[in-house]
Amino acid sequence: TSTTLSEAIRINQVGFYPNSVKQFVVASNNGTNFTIIDAKNEKVFSGELRDEGVWEASGENVLLGDFSKLTAEGNYRVVVDDSLHSYEFEIKKGIYKDALNASIKSYYYQRASMPIEEKFGGVYKREAGHLDDNCSFHPSTGKTEGTLNSPGGWYDAGDYGKYIVNAALSTGQMLQLLEQYPNAIVDGALNIPESGNGNSDLMDELKYELDWIITMQANDGGVFHKLTAKNFSGFIMPNEFDLERMIIGKGTAATLNYAAVLAQASRLYKNSDKDWSIKALEAAKKAWNWALKNPDVAYSNPKDVSTGAYDDTIFSDDFYWAATELYLATNEDEYVTYLNENEQPYIHELTNSWKFFIRNNAFHSLLENKNVLEKEFASTLLKNQVKLANEILAAIDTNPYNIALDRFEWGSNSDILNQAMILCMTHRFTGDEKYIQGAEQITDYIFGKNATGYSFLTGFGSKKVMHVHHRPSGADGIEDPIPGFIAGGPNKDKQDSAQVEYTSEYPAKSFADVQASFASNEVCINWNAPAVYVLGYLQENRK
Ligand code: 9MR
């Protein structure tokens, strides 16, 4: 019998490791049985759909199918009640390797101040933009004369800005993959200019950002907030940018996040680049001391500036992350005393992860290095980590899609990936299989088992996002967007609704694959970073 492709069947379109949990959903009121067919249309598995009821966030009745017991490698489709079939997917060892590499290589394509050469970037070759030398100071920096050389680093997102707060968070998250699995991304894996130098390509890519970050410090130790023009540009290529780039703002959050990530990197680059490592640690300490003297300098956009704000007003979590990394880098009492006297709530705050995931970065680094902590401190941290992870698993259990996200705001895909990151970490620290299975169910969401049916990683999946809000992808004249980017995801607030037509009022469906949708379809370094960690973690642990 012939079957028709159904968009109501939502499944991870990239695929599964042989030993992964394997599920899909059907957004429908009726459906009873399913089969899995292989590339030759042979039935290899059959099962029953379970009615999960209506999911409030999407307004759909959800049926769930589980075929985890199917472990043979191959290309497959789901068939529901002998009449509807899904997109094709694969079961394979090493299944996320390409997605992982692409999600890291996307940062290479975001590099400011250098060309993307054809031998590394293929069709996405482009000229250099934004040299960022001799940048003048906006009055909000407290400086009126002089200039700063601040080349390099990655563009933050679909815009061409460079922002310290978000740069530090994102780099910090990916440094954790490098710390835990230094060989996950071998030299040459990404085909970037540094390939062949003997270091992991992940290490090299992160260093490109770190080398920019380190330039953003004032003589007194404080750190400037961002390097952007006053306003966003149109959808042009980097070399066509003609607005003046300036150093803007200086504040406590940028200074502490700078201290944290440079201290963290000083520890991890000690062997590969000793001089740099020493320099980074000095800069980090100087930043910390500035923050102690200036503990509440909040950044907000000056009246004449409309680029991203990344404005934070509470700094206790930023102090905590900086103290953590400085302690791990130096073993000095000052920092552990700070940690002991300034406990942080052990929570994961959803939305604005650039503001809040700071504290989870700290917890993860501390737990990874628990051998240098006092026993009681370490065991309290672990207990709290497990509690947090169990809350995420409990939410997965009661959700029809088997995810833990029930709020869909700006960058919701980073929220859900950060939940997966917490589960991966908990798996690492406890060895309990249920946590990695939770992370896999969340990964399924990103690759298509979601209420929009899209795979949110550019270049991957059958129904993949195509029109991301990303200036080079929009301006380069190439149909396919640059691969390896995570789109922002459903956002019930639709801040772009003046320009964008959304087809659903439901939060989990508030997504539009159109270039104008900066509120649901932009790309951003802190949305990719947890994807890098999670895909790396699964690739290393599932093989
Ligand atoms: O990710 C940020 C989100 O949490 C905020 O609600 C939003 C509005 O302030 O800004 C997002 O960050 C953007 C940044 O300000 C500029 N570059 C693009 C970022 C992603 O949209």
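It should be emphasised that the depicted structure is a prediction, and the values quoted were computed from it without experimental measurement.

So, on to the domain arrangement of the protein. Per the domain assignment, the segments making up the protein are domain 1 (4-91) and domain 2 (97-454 + 522-542). Distance from the C-alpha centre of domain 1 to the C-alpha centre of domain 2: 35 Å. Listed per partner, the contact involves 21 residues of domain 1 and 22 residues of domain 2. Carbon and sulfur atoms make up 56% of the surface buried where domain 1 meets domain 2, a total of about 1,900 Å² over both sides. At the surface where domain 1 touches domain 2, the tally comes to zero salt bridges. At the boundary of domain 1 with domain 2, the tally comes to 10 residue pairs in polar contact (both at pLDDT 80 or more). Its residues assigned to classes, the side of domain 1 that touches domain 2 shows 12 nonpolar, six polar and three charged.

In this section: the site of the ligand. Taken together, 13 residues lie near the ligand, and Asp156, Asp159, Asn352, Trp354 and Glu522 sit nearest. Contacts to the ligand include Asp156, whose side-chain N or O atom sits 3.0 Å from a nitrogen atom. In this structure, Glu522 approaches the ligand through a side-chain N or O atom, which is 3.1 Å from an oxygen atom. In isolation the ligand exposes 460 Å². Once the protein is present, 80% of that is buried. Of the residues contributing to the shell around the ligand, the split by class is eight nonpolar, two polar and three charged.

Counted residue by residue, strand S4 (residues 33-38) has five buried out of six residues, so it is predominantly covered. For S4 and strand S5 (residues 43-48), the ladder comprises five bridges, and the chain directions are antiparallel. Following the sheet pairing, Phe34 is matched in S5 by Gly47. What sits between S4 and S5 in their antiparallel hairpin is a turn of four residues, with Asn41 showing a positive phi close to 65°.

Across all of its chains, the model carries 28 salt bridges by this definition. Among the ionic pairs, Lys92 bridges to Glu90, the shortest N-O distance being 3.9 Å. For the salt bridge of Glu409 with Arg407, the shortest nitrogen-to-oxygen distance reads 3.1 Å. What makes Arg407 partly exposed here is its relative accessible area of 36%. Here the residues in one salt-bridge network are Arg10, Glu60 and Lys509, joined through shared partners.

Here we have four strands laid out as an open sheet, ordered S2-S3-S7-S6, and antiparallel in their pairing. This sheet does not close on itself; its edge strands, each paired only once, are strand S2 (9-11) and strand S6 (50-55). Within this sheet the neighbouring strands show an average axis-to-axis angle of 30°, counted without direction. Bridging between S2 and strand S3 (residues 23-27) involves three bridges; their strand directions are antiparallel. Across the sheet, the residue bridging to Ile11 is Phe24, located in S3.

Before going further, it helps to spend a moment on the packing of helix H3 (residues 164-180) against helix H14 (residues 525-542). Two elements in contact, H3 and H14, have axes whose closest approach is 8 Å; the angle formed by their N-to-C orientations is 10°. Relative to H14, H3 is oriented roughly parallel. Taking contact as the criterion, the partners of Asn166, Ala167, Leu169, Ser170, Gln173, Met174, Gln176, Leu177 and Gln180 in H3 are, on H14, Ile525, Asn526, Ala529, Pro530, Val532, Tyr533, Gly536 and Tyr537. A breakdown of the residues in the contact of H3 with H14 according to their chemical character gives 10 nonpolar, seven polar and no charged.

With respect to the secondary-structure elements, Thr252 resides in helix H5 (residues 252-268). Sequence spacing of Thr252 and Ala27 is 225 residues, and the spatial spacing of their C-alpha atoms is 47 Å. For Thr252, the residues in contact, after removing those within four places along its chain, are Trp290, Ala291, Asn294, Pro295, Asp296, Val297, Phe315 and Phe319. Of note is the side chain of Thr252, whose polar atom sits 2.7 Å from the backbone nitrogen of Val297.

Let us look at the sheet that holds strand S12 (residues 147-148). Taken together, the five strands give an open sheet; going across it, the order is S12-S11-S15-S14-S13, and neighbouring strands pair in mixed fashion. Both edges of this open sheet fall to S12 and strand S13 (162-163), since each of them pairs with a single strand only. Across two bridges, strand S11 (residues 135-137) lies against strand S15 (residues 246-250) in parallel orientation. Paired with Phe137 across the bridge in S15 is Ile247.

Counted at 1.5 Å a residue, the expected span for helix H7 (residues 316-330) with its 15 residues is 21 Å, and the 21 Å between its end C-alpha atoms agrees. With respect to burial, H7 is a largely interior element, 14 of its 15 residues being buried. Following H7 by one or two positions, Asn331 has its phi on the positive side, about 65°.

Thresholds applied
- Residues numbered from 1 in each chain as written.
- Predicted model: local features only at pLDDT ≥ 70, side-chain atom pairs only at ≥ 80, totals over all residues.
- Heavy atoms only, no water.
- Domains from an automatic or database assignment.
- Contact = heavy atoms within 4.5 Å.
- Buried area = accessible area lost by both parts, 1.4 Å probe.
- Salt bridge = Lys/Arg side-chain N within 4 Å of Asp/Glu carboxyl O.
- Polar contact = N/O pair within 3.5 Å; in protein donor to acceptor, adjacent residues only side chain to side chain.
- Nonpolar A, V, L, I, M, F, W, Y, C, P; charged D, E, K, R; others polar.
- Near = heavy atom within 4 Å.
- Areas by Shrake-Rupley, 256 points an atom, 1.4 Å probe, with all protein chains shown as cover.
- Buried < 20%, exposed > 50% of the residue type's maximum accessible area, 1.4 Å probe, protein only.
- Helix = DSSP H or I, 4+ residues; strand = E, 2+ residues; numbered from the N terminus.
- Pairing = 2+ DSSP bridges.
- Axes fitted to C-alpha atoms, helices over the stretch in contact; angles between N-to-C directions.
- Parallel < 35°, antiparallel > 145°, perpendicular 65-115°, else oblique.
- Expected span 1.5 Å × (residues − 1).

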